[in-house]
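Here's the letter readout for the chains.
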Amino acid sequence: MTKEKKELYQEIDALKKILAEALTGKKFKLDCGHHFTGGTNLGNDITIRNGKHLTITCSLCGY
C-alpha cells in the first residue's frame with residue numbers, strides 16, 4: 001500500500017465513536033434472529049461481515 005493510500009484511512013477511534021453514538025441504547029433484531037442492545041455491559045457481541053450487502057449477526061452465529 002502506498003503512503004497516499006494509507007493516509008486515506010482514519011484511526012479506529014473514529015469508527016468506535018461513530019458506532020457508540022449510533023448504537024447506544026438502541027435495540028435491534030440481527031440477521032441471525034438474535035437480539036442486540038447497543039451500549040450495555042450485558043449485551044451480545046456482534047459480527048459485521050463486509051461485502052456488497054452487510055450481514056450483522058451475533059458472535060456465536062458468526063462462526
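See above for the structure.
For the structure given in this document, a descriptive report is provided here. Treat the numbers as computed from the prediction; the structure is a model and nothing was measured. (Residues numbered from 1 in each chain as written. Predicted model: local features only at pLDDT ≥ 70, side-chain atom pairs only at ≥ 80, totals over all residues. Heavy atoms only, no water.)

Along the polypeptide, Thr 57 turns up in strand S4 (residues 55-58). Thr 57 sits 11 residues away from Ile 46 along the chain, and the two C-alpha atoms are 5.6 Å apart. Residues in contact with Thr 57, not counting those within four places in the same chain, are Leu 30, Asp 31, Cys 32, Asp 45, Ile 46, Thr 47 and Gly 62. (Helix = DSSP H or I, 4+ residues; strand = E, 2+ residues; numbered from the N terminus. Contact = heavy atoms within 4.5 Å.)

This part takes up the pairing of strand S3 (residues 46-49). Direction of pairing for S3 relative to S4: antiparallel, over a ladder of 4 bridges. Bridge pairing links Thr 47 to Thr 57 in S4. Once S3 ends, the chain turns through 5 residues before running back antiparallel as S4. (Pairing = 2+ DSSP bridges.)

We now examine helix H2 (residues 12-23). Across its 12 residues, H2 extends 16 Å between first and last C-alpha, which sits within 8% of the 16 Å expected from 1.5 Å per residue. Positive backbone phi, at 80°, marks Gly 25, one or two positions downstream of H2. (Expected span 1.5 Å × (residues − 1).)

A word on the environment of Thr 2. Here Thr 2 shows up in the segment before helix H1 (3-6). With a relative accessible area of 39%, Thr 2 lands in the partly exposed category. Thr 2 sits 50 residues away from Lys 52 along the chain, and the two C-alpha atoms are 25 Å apart. (Buried < 20%, exposed > 50% of the residue type's maximum accessible area, 1.4 Å probe, protein only.)

The volume enclosed by the largest pocket comes to roughly 200 Å³. Those elements that provide at least two residues to the lining of the largest pocket are H2, strand S2 (35-37) and S3. Ranked by residues supplied to the lining of the largest pocket, first place goes to H2 with 3 residues. Split by residue class, the lining of the largest pocket holds 6 nonpolar, 7 polar and 1 charged. For the second largest pocket, the calculated volume is near 160 Å³. Every residue lining the second largest pocket is listed: Leu 19, Leu 23, Phe 28, Lys 29, Leu 30, Asp 31, Phe 36, Ile 46, Ile 48 and Ile 56. (1 Å grid on protein atoms, 1.4 Å probe; cavity = no way out; pocket = protein on both sides within 12 Å on 5 of 7 lines; lining within 4 Å. Points joined across faces, edges and corners; volume = space filled by probe spheres on them. Nonpolar A, V, L, I, M, F, W, Y, C, P; charged D, E, K, R; others polar.)

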